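Descriptive structure summary
Each chain, written out:
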Amino acid sequence: MKGNIVIKIGGSLLFTKDNEIKSSKIAEFCNIFKTRKNNGNIIIVCGGGLPARRYINSVRFFNGSEALCDTFGIEISRINAKLLIACFQDYAYPQVPKTIEELSVALLFNKIIVMGGLQPGQSTTSVALEVAELIQADKFLVLTDVEGIYDKDPKKFNDAQLLKKINYDQLQEIILDLGEDDQAAAGEYRIFDAVSLQILKRSEINTTIMSGTNLNNFIKFWDGEKSTTGTEISKE
Ligand code: UTP
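Every value quoted in this text rests on a predicted model; they were computed, and no experiment measured them. (Residues numbered from 1 in each chain as written. Predicted model: local features only at pLDDT ≥ 70, side-chain atom pairs only at ≥ 80, totals over all residues. Heavy atoms only, no water.)

Right, let's get into unusual backbone geometry. The general pattern is negative phi for most residues beyond glycine and trans for most peptide bonds. Even without being glycine, Asn 19 reaches a positive phi, approximately 70°. Take Asn 19: it is sitting in the loop between strand E1 (5-9) and helix H1 (23-34). The backbone of Glu 204 shows a phi angle near 55°, a positive value even though the residue is not glycine. Among the secondary structure elements, Glu 204 is positioned in the loop between helix H8 (194-203) and strand E6 (207-211). (Helix = DSSP H or I, 4+ residues; strand = E, 2+ residues; numbered from the N terminus.)

Structure follows, in structure tokens:
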């Protein structure tokens, strides 16, 4: 891999369905970076995953606002980031940047930077795109638990088709099809949400969504192999 890269790692890759931490998987992921060279900045943004959703559901039960729910998602994603930093040890900057300013300071140290959320009203995918825009990333990668972006929800529809390439307008149509309720509530932002799309449209960062369930795909991607799986999002 050459240049600056930002990777969003979905919370689904950090926890099992029983809410256990996938420690070996996290170690496997971090080792990929430890054993491979890169000549640019690496920023990893962690999602909140199941623990975030559990806290958010409980806050909703107490009639907490969506903004309050979001703050729980942010805190949990930062704890997840801290866990990755623990795994990276000296390879990573030791603190989780909580603002763009803190990130700018972290960048001076030439270490892998691991972050969680920033402010309410968005997903960690939006955070990742904001920081990708900031560092003028050559590449933005989303690692999730499905193969990429489908024409409909693959967890609900067996005949959902994986889209290998997709442009901004097509992505917008898919996001709009999901409906407001499905994509704007705390804990419910989808693989790619409307806020993220807006940032992508203005920054035009080279974006790929792929499964991180089997990290061999990610290794191929990192090593620059063209035949990797997933969805590429581009302007045209
Ligand atoms: P995500 O929804 O991005 O994490 O953040 P996730 O669920 O693990 O991601 P996927 O599903 O794998 O892609 C968890 C929640 O934290 C809040 C939102 O409520 C979000 O749904 N959050 C996160 C914010 O409010 N602001 C942020 O900057 C980041």
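Right, let's talk about the sheet that holds strand E4 (residues 139-144) for a bit. Strands sit in the order E3-E2-E1-E4-E6-E7-E5 across an open sheet of 7 strands; the sheet is mixed. At either margin of the open sheet sits one strand with a lone partner, and together these are strand E3 (113-115) and strand E5 (165-167). Shown here is a sheet whose adjacent strand axes are inclined to one another by a mean of 20°, direction ignored. When E5 meets strand E7 (residues 231-234), the two strands line up parallel, connected through 3 bridges. (Pairing = 2+ DSSP bridges. Axes fitted to C-alpha atoms, helices over the stretch in contact; angles between N-to-C directions.)

Time to look at the state of the cysteines. Tallied over the entire structure, the rule returns 0 disulfides. Counting only cysteine sulfurs, Cys 30 is the nearest neighbor of Cys 46, a cysteine outside any disulfide, at a range of 8.6 Å. Unpaired in terms of disulfides, Cys 87 finds its nearest cysteine sulfur in Cys 30, a separation of 3.6 Å. Residue classification places Cys 87 among the buried residues on the basis of a relative accessible area of 19%. (Disulfide = S-S within 2.5 Å. Buried < 20%, exposed > 50% of the residue type's maximum accessible area, 1.4 Å probe, protein only.)

Together, Asp 169, Glu 173, Asp 177 and Glu 236 line one region of the surface with negative charge. Turning to its location among the elements, Glu 236 is positioned in the segment after E7. For Glu 236, a relative accessible area of 73% puts it in the exposed group. (Patch = residues over 30% accessible without salt bridge, like charges linked within 9 Å, V, L, I, M, F, W, Y side chains within 5 Å. Areas by Shrake-Rupley, 256 points an atom, 1.4 Å probe, with all protein chains shown as cover. Salt bridge = Lys/Arg side-chain N within 4 Å of Asp/Glu carboxyl O. Lys, Arg positive; Asp, Glu negative; His and termini not counted. Charge placed at Lys NZ, Arg CZ, Asp CG, Glu CD.)

Let us now look at the packing of helix H5 (residues 124-134) against H8. In the contact formed by H5 and H8, the axes pass within 8 Å of each other and the chain directions differ by 15°. Judged by the inter-axis angle, H5 sits roughly parallel to H8. For H5 against H8, the interelement crossing comes out left-handed. Listed contacts from H8 to Thr 125, Ser 126, Leu 129, Glu 130 and Glu 133 of H5 are Val 195, Ser 196, Ile 199, Leu 200, Arg 202 and Ser 203. Across the contact of H5 with H8, the residue classes break down as 4 nonpolar, 4 polar and 3 charged. (Parallel < 35°, antiparallel > 145°, perpendicular 65-115°, else oblique. Left-handed = near helix turned anticlockwise from the far one by under 90°. Contact = heavy atoms within 4.5 Å. Nonpolar A, V, L, I, M, F, W, Y, C, P; charged D, E, K, R; others polar.)

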